[in-house]
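# Commentary on secondary and tertiary structure
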Amino acid sequence: MSQKIRTAPKQDAQSVGTVAVVDASAQVSMDPFFHILKLIPYSFLRPPRLRLKLPSFSLPSAMTVFSLILLTYFMVVSGFIYDVIVEPPGIGSTQDPATGAVRPVVFLPGRVNGQYIIEGLSSGFMFVLGGIGIVLLDLALDKNRARSIKVSYSMAGISSIFIAYVMTTLFIRIKIPGYLR
Amino acid sequence: MATVTNTPVSDLLKSFKLKTKQQELLIRVSILCLVYILAFIIRLFSVLRYESMIHEFDPYFNYRTTLYLTQNGFYDFWNWFDYESWYPLGRIIGGTLYPGLMVTAVLIYRILHFLRFAVHIREVCVLTAPFFASNTTLVAYFFGKEIWDTGAGLVAAILIAICPGYISRSVAGSYDNEGVAIFALLFTFYLFVKAVNTGSLAWSLASAFGYFYMVSAWGGYVFIINLIPLYVLVLLITGRYSMRLYIAYNCMYVLGMLLAMQIRFVGFQHVQSGEHMAAMGVFFLMQVFYFLDWVKHMLSDTKLFQAFLRITVTCAVAVGTIALGLGMLSGYISPWTGRFYSLLDPTYAKDHIPIIASVSEHQPTAWSSFMFDYHILLFLFPAGLYFCFKRLSDATIFIVMYGLTSMYFAGVMVRLILVATPAVCLISAIAVSATVKNLTVLLRSKNKGVLTGSTKGSSSSKASSKALLDQSQPFQKNGAIALLFGAFYLLSKYATHCTWVTSEAYSSPSIVLAARGAHGNRVIFDDYREAYFWLRQNTPADAKVMSWWDYGYQITAMGNRTVIVDNNTWNNTHIATVGRAMSSYEDEAIEIMRSLDVDYVLVVFGGVTGYSSDDINKFLWMVRIGGGVFPVIKEPDYLVNGEYRVDKGAAPKMLNCLMYKLCYYRFGEMLTEYGKPPGYDRARGVEIGNKDIKLEHLEEAFTTSNWIVRIYKVKPPNNRW
């Protein structure tokens, strides 16, 4: 009797497995591979009871995609591809003619389309900061928040835009000596 | 009640008072007219400073072909075989150019002549690019209106009118494909987005014709035929499949493909080339989607449909992959060409194709190039992306994709900043418009009582929220006014920057050089045209000129002489032969020159003026390209410890090669700068190594007044004893 009870769940497991394989369609007996498989090896092998699920693919939310895009934008605009191909040094150096000491040079002088790695990254950061500042301003004007948060967002936004613009103008003035003259 | 005196004057004035809608229309139309005129006149700096002439190198070829078209008509132009370039190979011009630009210019020329304005074709060519830039601003307005609203459209028109990224290739005199192509690109995209939004067959067909114009204008049409399928794919993935999308894409793809095959240069690439296969794949995928939709409509059993869906998608993907694989293996579908492959893998050109890597426009972009060409748009771009993501629709998804893909390509190659400019301007316009709208809403919000404040329920008690709101209203209004002034300040700085950049950096004709003299006066070097005119006047009509490929188009157009290689660079071996001749000793070089029937050699030399884009600075590229085909030329032979030098410590092969001799012939006696020895090269900043140069097989024919262009005549072989 206990034998029978033990084999019954095995049969059930097998039949559940086969039904899952065949996929709710009525043609259980038409498939030759199914019959072959039923014979060998699953007549003497017992498939284990697993609780696997196919990974479900759900699209990420819009704001997740936006933050990924912001990261990519930062890389492109800092001249990352330029860094990979031309391989400039992280920071340049020049020798002081009077004392002979080696001084670092942050901005590559002489031409518009050239950079060192660090100046690219810092400028890219300033651009992204300016963009985030405008986003913070928009968030500050959203009505469904506490007033203190709105105020802090707007202050952060305004200061971000201000700093980003001032720094960027400063950078470009250092890089191109004749700027706006 | 007070009585109002009705004078006839006030009655007259009242009859002129417009309704608000009409006022708005008047403001919009006047803004667009002003922007149209602004876009035209900001590009006229070089015409006002120098004269109305064609700039750079490539536009001279376009000008020559336009001249041929006006003189000989369309069928002769379409079937033209040019024996005056690439001697002795010749070039099939009819089948190797994009005719859109020339046909457009000739059309404008004929219209003007019909209206009895007897202009020269050169004036039409010079002013074609600014005219199309103005048209682009109009298209940007309509596009912005389609994506967001009329405010964004107006801001987009203003931004793109003066954006330096666009001005750099569409200034007056820059008669190049891009001037017309950017208009065609934006126009095609606008028509396609309009078709997807409305689902109308008329707009889809219009977008197909817009695509045809783009294919006829520029090789960059590959961007359209890859971006639009990518966009369709993204829409399908995000579940936005609709009948409108089906109609729009099908019409545009099929009709656009058939029309594109009318251009001989493109030919059957739409079915044969790997770069166009994405469009075909998405076309078939759309048919599968439509089929599945129809089956779903017919079936009532969802489970059955799920099974059917899975089987069909698997089969479709499998069949597609097999077909693609068969096509590529059998060679019917050609792989991606080097030019476009180097966009996906930027390191490819550096290692394998030195000709592509040598062009300065093909270098990757540094941050300062971005800042130079975009200024504050770089801040507004991420903010605009945020607004687009907040309000996703079919149209905003398109502009986001266009912006992202074009920004990536702009990062890979400096020249492609031009393609990214319309997207950046549109997205920035969205940011500006949304921010200004938010601020003005804040300004206009009246004290609608405290009802609005209390219903939000953001603070602890209603009483305190009422009080806070009352106190914050004037503060908010002042804050909004201050921020609006800040925005106005930033935009005015943008305008100042754009005008300065256009005036200083992008308005130089390149064929005429300008410099500041010792007393701050402007000195003009017109050596190039002097040399080409000398060639035209003083050499026999069938003389062949050998020079580096940069100057080929200008020599053929202005000097009217046959050249060996020119800017088309279609034959790498021929260019490598010229490179080999330039980098060999004189005895070996004369063999090559005699085999090519060369009569004159032209070199460009900047040692006297300090001009840095001369042939000595380009010499290493000649060595690399020559060495790529003829292994006898080795680059390390010309370098000393990996360094490129021309002074006493230079490599002996460098000091005696043909290019060195031709550039520095008789230069050793020349005093170029006060306090420096004779033979001081101002461009390299050193005194040259080999001052005593004797030429055996060439003799000097002409040197321009500032020694920039030097022409040598190949002596005929000695008589036998």
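Source: prediction; values computed, not measured.

What counts as what
- Residues numbered from 1 in each chain as written.
- Chains lettered and ligands numbered in written order.
- Predicted model: local features only at pLDDT ≥ 70, side-chain atom pairs only at ≥ 80, totals over all residues.
- Heavy atoms only, no water.
- Helix = DSSP H or I, 4+ residues; strand = E, 2+ residues; numbered from the N terminus.
- Buried < 20%, exposed > 50% of the residue type's maximum accessible area, 1.4 Å probe, protein only.
- Contact = heavy atoms within 4.5 Å.
- Areas by Shrake-Rupley, 256 points an atom, 1.4 Å probe, with all protein chains shown as cover.
- Lys, Arg positive; Asp, Glu negative; His and termini not counted.
- Charge placed at Lys NZ, Arg CZ, Asp CG, Glu CD.
- Axes fitted to C-alpha atoms, helices over the stretch in contact; angles between N-to-C directions.
- Parallel < 35°, antiparallel > 145°, perpendicular 65-115°, else oblique.
- Nonpolar A, V, L, I, M, F, W, Y, C, P; charged D, E, K, R; others polar.
- Salt bridge = Lys/Arg side-chain N within 4 Å of Asp/Glu carboxyl O.
- Buried area = accessible area lost by both parts, 1.4 Å probe.
- Pairing = 2+ DSSP bridges.
- 1 Å grid on protein atoms, 1.4 Å probe; cavity = no way out; pocket = protein on both sides within 12 Å on 5 of 7 lines; lining within 4 Å.
- Points joined across faces, edges and corners; volume = space filled by probe spheres on them.
- Disulfide = S-S within 2.5 Å.
- Polar contact = N/O pair within 3.5 Å; in protein donor to acceptor, adjacent residues only side chain to side chain.
- Patch = residues over 30% accessible without salt bridge, like charges linked within 9 Å, V, L, I, M, F, W, Y side chains within 5 Å.
- UniProt positions renumbered as here; feature names shortened; annotations may be inferred.

It is worth spelling out the overall build of chain A at this point. Of regular secondary structure, chain A possesses 6 helices and 2 strands. Listed N to C, the secondary structure of chain A is α-α-α-α-β-β-α-α in terms of helices and strands. For chain A, with 181 residues in total, the buried portion stands at 29%. Long-range pairs, those at least 24 residues apart, make up 57% of the contacts in chain A with a sequence separation of at least 6. Total accessible area computed for chain A in this model is approximately 12,200 Å², and 68% of it derives from carbon and sulfur atoms.

Along its length, chain B carries 32 helices and 11 strands. Projecting the C-alpha coordinates of chain B onto the three principal axes gives extents of approximately 115 × 75 × 60 Å. Relative to its full complement of 721 residues, chain B shows a buried share of 52%. For chain B, contacts bridging at least 24 residues in sequence account for 72% of all contacts bridging at least 6. When the accessible surface of chain B is split by element, carbon and sulfur atoms take 62% of a total near 32,700 Å². For chain B, the distance from the average site of its 60 positive side-chain charges to the average site of its 49 negative ones is 14 Å.

To continue, consider the packing of helix H21 (residues 377-390) of chain B against helix H23 (residues 417-444) of chain B. Residue and element names in this part refer to chain B. At a minimum axis separation of 7 Å, H21 and H23 run at an interaxial angle of 75°. By the criterion of interaxial angle, the relationship of H21 to H23 is roughly perpendicular. Judged by residue contacts, Leu377, Leu380, Phe381, Ala383, Gly384, Leu385, Phe387 and Cys388 of H21 engage Val424, Cys425, Ile427, Ser428, Ile430, Ala431, Val432, Ala434 and Thr435 from H23. Residue classes in the contact of H21 with H23 are distributed as 14 nonpolar, 3 polar and no charged.

This brings us to the pattern of salt bridges. All names here are of chain B. For the structure on display, the rule yields 27 salt bridges over all chains. The closest approach of N and O atoms between Arg28 and Glu24, which form a salt bridge, is 3.5 Å. One end of the pair is Arg28 and the other is Glu24, both in helix H2 (residues 20-41) and 4 residues apart, which spans about a single turn. According to the relative accessible area criterion, Glu24 is partly exposed, its value standing at 36%. Salt-bridge contacts for Lys694 lead to Asp692; the nearest nitrogen and oxygen are separated by 3.2 Å. By relative accessible area, which is 58% here, Asp692 ends up exposed. Among the ionic contacts, a cluster of salt bridges with common partners joins Arg169, Asp176, Glu178 and Arg415.

A word on the interface of chain A and chain B. The partner chain B presents 53 residues to the 52 residues of chain A that form the contact. In total, chain A and chain B occlude about 4,600 Å² of area from one another, counting both sides; carbon and sulfur atoms represent 76% of this. Of all residues in chain A, Tyr73, Ile85 and Tyr165 of chain A give up the largest surface area on contact with chain B, accounting jointly for 14% of the area buried on that side. The interface formed by chain A and chain B contains 1 salt bridge. Those elements that place two or more of their residues in the side of chain A that touches chain B are helix H3 (62-77), helix H4 (80-86), helix H5 (117-140) and helix H6 (147-175) of chain A. Among the elements that take part in the side of chain A that touches chain B, H5 of chain A stands out by supplying 12 residues, more than any other.

Residues and elements named next belong to chain B. The 5 strands lie next to each other as E6-E5-E7-E11-E10, forming an open sheet whose pairing is mixed. The strands lining the two open edges of the sheet, one partner per strand, are strand E6 (562-563) and strand E10 (698-703). Both E10 and strand E11 (residues 709-714) contribute to a ladder of 5 bridges, which runs antiparallel. For Glu699, the partnering residue across the bridge sits in E11 and is Lys713. Running at roughly 25° to E11, helix H26 (residues 527-538) makes contact with strand E5 (544-546), strand E7 (600-604), E10 and E11 of the sheet.

Quick look at empty space enclosed by the protein now. All names here are of chain B. The tally for this structure, following the rule as stated, stands at 1 cavity of 30 Å³ or more. Considering only enclosed or pocket space, the largest cavity measures out at about 30 Å³ in volume. Lining the largest cavity are Ile224, Ile225, Ile228, Pro229, Tyr249, Met252, Tyr253 and Ala279. Of all the elements, helix H12 (residues 221-237) adds the most residues to the lining of the largest cavity, at 4 residues. Tallied by class, the residues present in the lining of the largest cavity amount to 8 nonpolar, no polar and no charged.

Glancing now at the side chain of Ser433 of chain B. All names here are of chain B. If you trace the backbone, Ser433 turns up in helix H23. Of the residues examined, Ser433 reaches a relative accessible area of 10% and is grouped as buried. What Ser433 contacts, discounting residues up to four positions off in sequence, is Trp148, Asp149, Gly151 and Ala152.

Cis geometry is adopted by the peptide bond preceding Pro41 of chain A, which originates at Ile40 of chain A and carries an omega value of 5°. With respect to the helices, strands and loops of the structure, Pro41 of chain A is situated in the loop between helix H2 (32-39) and H3. Residue Pro88 of chain B is bonded to the preceding Tyr87 of chain B through a cis peptide linkage, with omega at 0°. Take Pro88 of chain B: it is sitting in the loop between strand E1 (81-82) and strand E2 (91-92). Unusually for a residue other than glycine, Ser510 of chain B sits at a positive phi of about 65°. Mapped onto the elements of the fold, Ser510 of chain B is located in the loop between helix H25 (462-504) and strand E3 (513-516). Among the residues examined, Ser510 of chain B registers a relative accessible area of 23% and is labelled partly exposed.

All names here are of chain B. Most of helix H27 (residues 552-559) sits inside the fold, with 7 of its 8 residues counted as buried. Listed in full, the buried residues belonging to H27 are Gly552, Tyr553, Gln554, Ile555, Thr556, Met558 and Gly559. Where H27 is buried, its residues touch helix H4 (58-72), E2, H26, E5, E6 and E7. Following H27 by one or two positions, Asn560 has its phi on the positive side, about 60°.

Turning next to the state of the cysteines. Applying the stated criterion across every chain yields a total of 0 disulfides over all chains. Lacking any disulfide linkage, Cys663 of chain B is separated from the closest cysteine sulfur, that of Cys657 of chain B, by 8.6 Å.

With that settled, the discussion passes to the side chain of Asp176 of chain B. Residues and elements named next belong to chain B. Tracing the backbone shows Asp176 in the loop between helix H9 (164-167) and helix H10 (177-198). Side-chain polar atoms of Asp176 contact the side chain of Asn62, separated by 3.3 Å. Residue contacts for Asp176: discarding those within four places in its chain leaves Asp58, Pro59, Asn62, Leu101 and Arg169.

This next bit is on a negative patch on the surface. Residue and element names in this part refer to chain B. Residues Asp587, Glu588, Glu591 and Glu696 make up a contiguous surface patch of negative charge. Counting through the fold element by element, Glu588 comes out in helix H29 (residues 586-595). Classification of Glu588 as partly exposed rests on a relative accessible area of 41%.

Before going further, it helps to examine the UniProt feature "transmembrane region" (unreviewed entry) in chain A. All names here are of chain A. The UniProt entry lists residues 59-82, 116-141 and 153-174 under the feature "transmembrane region" (unreviewed entry), expressed in the numbering used here. For residues 59-82, helix accounts for 79% and strand for 0%, while the C-alpha atoms at its two ends are 32 Å apart. As annotated, residues 153-174 has a helix share of 100% and a strand share of 0%, and its two end C-alpha atoms lie 31 Å apart.

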